[in-house]
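Structure assessment
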Amino acid sequence: MSNQPQSTVVEFQIRPESNSMEEWLSEWNKRAVDARDGEPETLAYAAAINVEDENGVLIFERYAHGESSLKIHSERPAHKALMDAMAERNMTKRMVYASSFADAPNYGWWSRPERGDLAISEGAILVLLGMRFSDEAMRDKFVELTNGHADYCLANEPDTLIYSGGFANSDNDRADIKEGDLLFVMACSDMAAVDKHSNDPQHIALGSKFLEAGVTSERTFMKTYRTTGYGFMWR
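Now for a description of the structure that goes with this document. (Residues numbered from 1 in each chain as written. Predicted model: local features only at pLDDT ≥ 70, side-chain atom pairs only at ≥ 80, totals over all residues. Heavy atoms only, no water.)

With that settled, the discussion passes to helix H2 (residues 66-74). Because each turn of an α-helix spans 3.6 residues, side chains separated by three or four positions in sequence point in the same direction. Of the positions making up H2, those classed as buried are Gly-66, Ser-69, Leu-70 and His-73. The buried residues of H2 occupy an angular sector of 100 degrees when projected down its axis, which confines them to one face. (Buried < 20%, exposed > 50% of the residue type's maximum accessible area, 1.4 Å probe, protein only. Helix = DSSP H or I, 4+ residues; strand = E, 2+ residues; numbered from the N terminus. Arc of directions from axis to C-beta.)

It is worth spelling out the sheet that holds strand S7 (residues 182-188) at this point. A barrel is described by the order of its strands in space; here eight strands give the closed sequence S1-S3-S2-S8-S5-S7-S6-S4, paired in antiparallel fashion. Looking at each pair of strands side by side, their axes are set apart by 35 degrees on average, direction ignored. H2 contacts strand S1 (6-14), strand S2 (42-50) and strand S3 (56-63) of the sheet and is inclined by roughly 120 degrees relative to S3. Packing of helix H4 (residues 136-156) onto the sheet brings it into contact with strand S5 (122-132), strand S6 (160-168) and S7, and relative to S6 it is tilted by some 165 degrees. (Pairing = 2+ DSSP bridges. Axes fitted to C-alpha atoms, helices over the stretch in contact; angles between N-to-C directions. Contact = heavy atoms within 4.5 Å.)

Our next topic: the side chain of Thr-8. By secondary structure assignment, the location of Thr-8 is in strand S1. On the basis of relative accessibility, which here comes to 10%, the residue Thr-8 falls in the buried class. Discounting residues that sit within four places of it in the chain, Thr-8 has contacts with Ile-59, Phe-60, Glu-61, Tyr-63, Ser-99 and Ser-100.

One pass over the structure, following the stated rule, counts 17 salt bridges. Several salt bridges converge on common partners, so that one network encompasses Arg-31, Asp-34, Glu-39 and Arg-76. (Salt bridge = Lys/Arg side-chain N within 4 Å of Asp/Glu carboxyl O.)

Our focus in this paragraph is the environment of Met-131. By the secondary structure assignment, Met-131 is in strand S5. Taking the relative accessible area as the measure of exposure, Met-131 reaches 9% and is therefore buried. Here the alpha-carbon distance between Met-131 and Leu-82, two residues 49 residues apart in the chain, equals 33 Å. Apart from the residues within four sequence positions on either side, Met-131 is in contact with Phe-142, Asp-181, Leu-182, Ser-217, Glu-218 and Thr-220.

Printed below as a string of structure tokens:
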């Protein structure tokens, strides 16, 4: 059982004939408050809406000690209460996909404490990107090159809030995710900050660095979400 930090992402599709998104979030938020107040090893537990599907909601979770922290989270009475309430009211239509990934060592960052607590932040953009490489050596070279860029972003892009990722713990039959894939995570304060990051000359120059290093990858998926203000992105 891994004891290193890991993230979990789960997208659900609500059942609109049973409840509105606001009603779903209000019920889920009871669990988020419990996680915030009673689970110091839960580093993030936030809800974000799929920008391409108004009925799609992502739950973004991070755990300080991997599976052991997740076990604590899952065994809380508030977790059972949430599952029971959602089932009783038939609030969720289906799980779209789920994945967990262990932190890539010393890669980027997961918070900007100087920006304060994101517990009530609404409208931040969360981007999930899946990437597959021909072997671990090429994947590690990609991480090395982009980690240097992460230092640049940390120093020069105050509206880039998260820039990190990890390696998928297992295959996922609901999404194109294979064990060992790099799942990259970026959060920005708004879409304008995403565009600024993407068009920064230093970011564009990464393409040449990948070419010079012989690094190639397959983008398996890209999903974009907007935070709701429910839950917390970091402590």
